[in-house]
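Given next are the chains, with one letter for each unit.
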Amino acid sequence: MTAEQPRDRRPLVALDIDGTIVDHDDRLTERVRGAVRAASEVAHVVIATGRSTDGTLEVLDRLDLLTGTAVVSNGAVTLRLDPSLPKGYEVAESVSFDPGPALAVVREHLPTALYGVETEQLDKVLTQAFPEGELSGRFRVASFEELSRTRALRVIVRSLDHSPEEFEEIVGRMGLNSVAYAVGWSAWLDIAPEGVSKASALESVRRRLGVEPEDTYAVGDGRNDIEMLRWAAHSAAMGNALDDDVRRAAVETIGPVTEDGLAVFLERALGLGDAAA
């Protein structure tokens, strides 16, 4: 906590989206929605997601979370939410990098994969369109060489030729250096600037808000949530988390997204009662 920032007695609650708030078919239950809304009345609820800005805003609208802070693109971008702004938000912080070296390494191992970069303008440049429903927002198609020269907030790699298990094994052999990366639940890879994660962005948010470290909560289900779960004093891995490392990173494991595990956790941890009752 900085000297000039008084302590904020409200906790900070960081929530992943996919597999935590919504299931992998993008379904949001009324109980989860109600619990998140109720939590926002007593805490700083910060959405922390691998989604880009456009995809995150869609969920924020469904949750009716129009003010506060959101961490997107796995920590590369922090948004200040304000409905009075022309777009409803502004970029509070962002971290970009030169994606060329990482792209060259990945392409050696995955020559047929789909590649994309999220740019400093918050749009996407892709080598070709991704499967329907996997990316939201603006994009244009360009050559791999142009992607390699584009300053990026993150790199996205998607293989249609490998199972998730095969894909993770290939990524493990790549020896990616000087970047942060996370393998998704499908054959999907996110690459971010070195040292950037949901946790690094959330720590900046925590300090700005004046929240004490012991008043931090986090819930997630994926490998890109591991640093965030370790960062929070009170953390929970969703019961649908497929990776044992995710479960080990959290203080506890709760019910899966299909059983409203997040709502049950928030109701108990924050004393909300059944928010959908």
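Relevant structure appears above.
Residues numbered from 1 in each chain as written. Predicted model: local features only at pLDDT ≥ 70, side-chain atom pairs only at ≥ 80, totals over all residues. Heavy atoms only, no water.

1. Considerations on the overall build of the protein chain
- Along its length, the protein chain carries nine helices and 14 strands.
- Taking 277 residues into account, the globule formula puts the C-alpha radius of gyration at 19 Å, and the protein chain, at 18 Å, falls close to it.
- Considered along the principal axes of its C-alpha atoms, the protein chain spans approximately 50 × 40 × 30 Å.
- Residue burial in the protein chain is summarised as follows: out of 277 residues, 53% are buried.
- Restricting to contacts in the protein chain with at least 6 residues of sequence separation, those with at least 24 account for 58%. (Helix = DSSP H or I, 4+ residues; strand = E, 2+ residues; numbered from the N terminus. Rg over C-alpha atoms; globule rule 2.2 N^0.38 Å. Buried < 20%, exposed > 50% of the residue type's maximum accessible area, 1.4 Å probe, protein only. Contact = heavy atoms within 4.5 Å.)

2. Section: helix H3 (residues 100-109)
- Listed as buried for H3 are Gly-100, Ala-102, Leu-103 and Val-106. Projected onto a plane normal to the axis of H3, the buried residues spread over an arc of 155 degrees and lie on a single side. H3 presents Pro-101 and Glu-108 as exposed residues on the side facing more than 90 degrees away from its buried surface.
- Where H3 is buried, its residues meet strand S6 (114-119), helix H4 (144-149), strand S9 (152-158), strand S10 (179-183) and strand S11 (188-193). (Arc of directions from axis to C-beta.)

3. Points about the nonpolar core
- In this structure, Leu-15, Ile-21, Val-36 and Leu-266 are the most contacted members of the largest nonpolar core, which totals 38 residues.
- Residue assignment for this core shows that the elements contributing at least two residues are strand S1 (12-15), helix H1 (30-42), strand S2 (44-48), helix H2 (53-63), strand S3 (68-72), strand S4 (77-81), strand S12 (216-220) and helix H9 (261-269).
- If near-sequence neighbours (up to four positions away) are discounted, Ile-21 is found in contact with Leu-15, Asp-16, Arg-27, Leu-28, Val-32, Ile-47, Leu-63, Val-257 and Leu-262.
- In this structure, Val-106, Leu-147, Val-157 and Phe-167 belong to the second largest nonpolar core, which totals 25 residues. (Core = buried A, V, L, I, M, F, W, Y, C linked by side-chain atoms within 4.5 Å.)

4. Thoughts on helix H6 (residues 198-209)
- The terminal C-alpha atoms of H6, which comprises 12 residues, lie 16 Å apart, in line with the 16 Å expected from a rise of 1.5 Å per residue.
- Buried within H6 we find Lys-198, Ala-199, Ala-201, Leu-202, Val-205, Arg-206 and Leu-209. Down the axis of H6, the buried set is contained in an arc of 160 degrees. They therefore lie on one face.
- Against S1, S2, S3, S4, S12 and helix H7 (226-231) lie the buried residues of H6.
- At the N-terminal end of H6, a side-chain oxygen is found 3.2 Å from the backbone nitrogen of Ala-199, two or three residues along, and the residue is Ser-197. (Expected span 1.5 Å × (residues − 1). Polar contact = N/O pair within 3.5 Å; in protein donor to acceptor, adjacent residues only side chain to side chain.)

5. Structural notes on unusual backbone geometry
- At Leu-122, a position not held by glycine, the phi torsion is positive, near 70 degrees.
- Overall, the relative accessible area of 9% leaves Leu-122 in the buried class.
- Positive phi outside glycine occurs at Asp-260, with the angle close to 60 degrees.
- Looking at where Asp-260 falls in the secondary structure, it is placed in the loop between strand S14 (252-253) and H9.
- The exposure class of Asp-260 is buried, given its relative accessible area of 14%.

6. Examining the sheet that holds strand S7 (residues 124-126)
- Read from one edge to the other, the open sheet built from six strands follows the order S8-S7-S6-S9-S11-S10, with strand pairing classed as mixed. Edge positions in the sheet fall to strand S8 (139-141) and S10, since each has one partner strand and no second. Each strand axis lies, on average, 20 degrees off the axis of its neighbour in the sheet, ignoring direction.
- As paired strands, S6 and S9 are joined by six bridges and run antiparallel to one another. Residue pairing across strands places Glu-118 opposite Arg-154, the latter belonging to S9.
- Its contacts with the sheet put H3 on S6, S9, S10 and S11, and the angle it makes with S6 is roughly 165 degrees. (Pairing = 2+ DSSP bridges. Axes fitted to C-alpha atoms, helices over the stretch in contact; angles between N-to-C directions.)

7. A short note on the environment of Leu-114
- Inspection of the secondary structure assignment puts Leu-114 in strand S6.
- According to the relative accessible area criterion, Leu-114 is buried, its value standing at 3%.
- In the structure, Leu-114 is positioned 42 residues away from Ile-156 in sequence and 8.1 Å away in space, judged by C-alpha atoms.

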